[in-house]
Amino acid sequence: MSRRIITAAAIVPPGAPGGAAPPTPDDYLGRLLKYIPAELVGLYLAARGVVPATATDLDTTLWIVALVTWVLVPIYLFVVTSRGGQKPLFWQITLGTIAFPVWVFSIGGHPVTSIAWYAQHEFVGSLVLMFVTVIFGLKQP
C-alpha cells in the first residue's frame, strides 16, 4: 500500500493506455490512515525510549528528539507522495506535519509534562487527537 492518498483526479480513465486496472480513490478511512505520520510517530517513540530516564536534562533532550522528528515529517511525506515522478500532495504533507505534534502531546509523558499546564491537563492531548484525526480524514486532496 502506498502512503500517497489516491485522489479521484489521479485515476486514469477506463480504456486509457496502460493495461492495469485503475486504482480506486481512497475513502475516508484510507485518507485518515494516510494523514497519520505513523512511521515518524514510531521513530519518535523509539528514540524517546532509548534516552535513559536518568539522563541529565531529560526534558530538553526529549524536546530536541521531538523537534528533529517533527522536521523530518514533511521531508518524509514529500518523498513518499512524490514517488514515481508524481507531484507531491501538499495537503497530505501539511496535515501530516500538523498531526505529529498532536500525537506527541497525546502520547504524553516526558517531555510534554514539563509544561506546567499540560501536566495538570494531560487528557486534553487525547481529546485534541480524537477531533483532529476525525476532521483531517474529511479533507480530500
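Visitor: Got a sec to walk through the side chain of Ser82? Specific residues and values, please.
Guide: Inspection of the secondary structure puts Ser82 in the loop between α3 (58-81) and α4 (90-107). For Ser82, a relative accessible area of 17% corresponds to the buried category. Those residues within four positions of Ser82 in sequence are excluded, and the remaining contacts are Arg4 and Pro88.

Visitor: Could you give an account of the packing of α4 against helix α6 (residues 123-138), naming the residues involved and the relevant values?
Guide: Direction vectors running N to C along α4 and α6 enclose 155°, while the axes themselves pass 8 Å from each other. Taken together, the axis directions place α4 and α6 in an arrangement best described as roughly antiparallel. Of the two elements, α4 crosses α6, and the hand of that crossing is left-handed. Along the contact surface, α4 presents Leu95, Ile98, Ala99, Val102, Trp103, Phe105 and Ser106, while α6 presents Gly125, Ser126, Val128, Leu129, Val132 and Phe136. Residues belonging to the contact of α4 with α6 are distributed by class as follows: 10 nonpolar, three polar and no charged.

Visitor: Let's hear about empty space enclosed by the protein: which residues, and what values?
Guide: Inspection of every chain in the model, using the stated rule, returns one cavity of 30 Å³ or more. In this structure, the largest cavity occupies an estimated 60 Å³ of space. What lines the largest cavity is simply Leu32, Tyr35, Ile36, Ala99, Val102, Trp103, Leu129, Val132, Thr133 and Phe136. Those elements that place two or more of their residues in the lining of the largest cavity are α1 (28-35), α4 and α6. With four residues, the single largest contributor to the lining of the largest cavity is α6. For the lining of the largest cavity, a count of residues per class yields nine nonpolar, one polar and no charged.

Visitor: Kindly report on the packing of aromatic side chains, identifying the contributing residues and their values.
Guide: On inspection of all chains with the given rule, the structure shows four aromatic pairs. With 5.9 Å between their ring centres and 85° between their planes, Tyr44 and Phe100 make a pair best called edge-to-face. Here the residue Tyr44 occupies a position in helix α2 (residues 38-50), and Phe100 occupies one in helix α4, the gap between them amounting to 56 residues. Of the two residues examined, Tyr44 and Phe100, each falls in the buried class. On the basis of an interplanar angle of 80° and a centroid distance of 5.5 Å, the ring pair of Phe105 and Tyr118 is categorised as edge-to-face. Taken together, the residues span a long stretch of sequence, with Phe105 in helix α4 and Tyr118 in helix α5 (residues 116-120) at a distance of 13 residues. Residue classification places Phe105 among the partly exposed residues on the basis of a relative accessible area of 27%.

The rules we used
- Residues numbered from 1 in each chain as written.
- Predicted model: local features only at pLDDT ≥ 70, side-chain atom pairs only at ≥ 80, totals over all residues.
- Heavy atoms only, no water.
- Helix = DSSP H or I, 4+ residues; strand = E, 2+ residues; numbered from the N terminus.
- Buried < 20%, exposed > 50% of the residue type's maximum accessible area, 1.4 Å probe, protein only.
- Contact = heavy atoms within 4.5 Å.
- Axes fitted to C-alpha atoms, helices over the stretch in contact; angles between N-to-C directions.
- Parallel < 35°, antiparallel > 145°, perpendicular 65-115°, else oblique.
- Left-handed = near helix turned anticlockwise from the far one by under 90°.
- Nonpolar A, V, L, I, M, F, W, Y, C, P; charged D, E, K, R; others polar.
- 1 Å grid on protein atoms, 1.4 Å probe; cavity = no way out; pocket = protein on both sides within 12 Å on 5 of 7 lines; lining within 4 Å.
- Points joined across faces, edges and corners; volume = space filled by probe spheres on them.
- Phe/Tyr/Trp six-rings, centres within 6.5 Å; stacked < 30°, edge-to-face > 60°.

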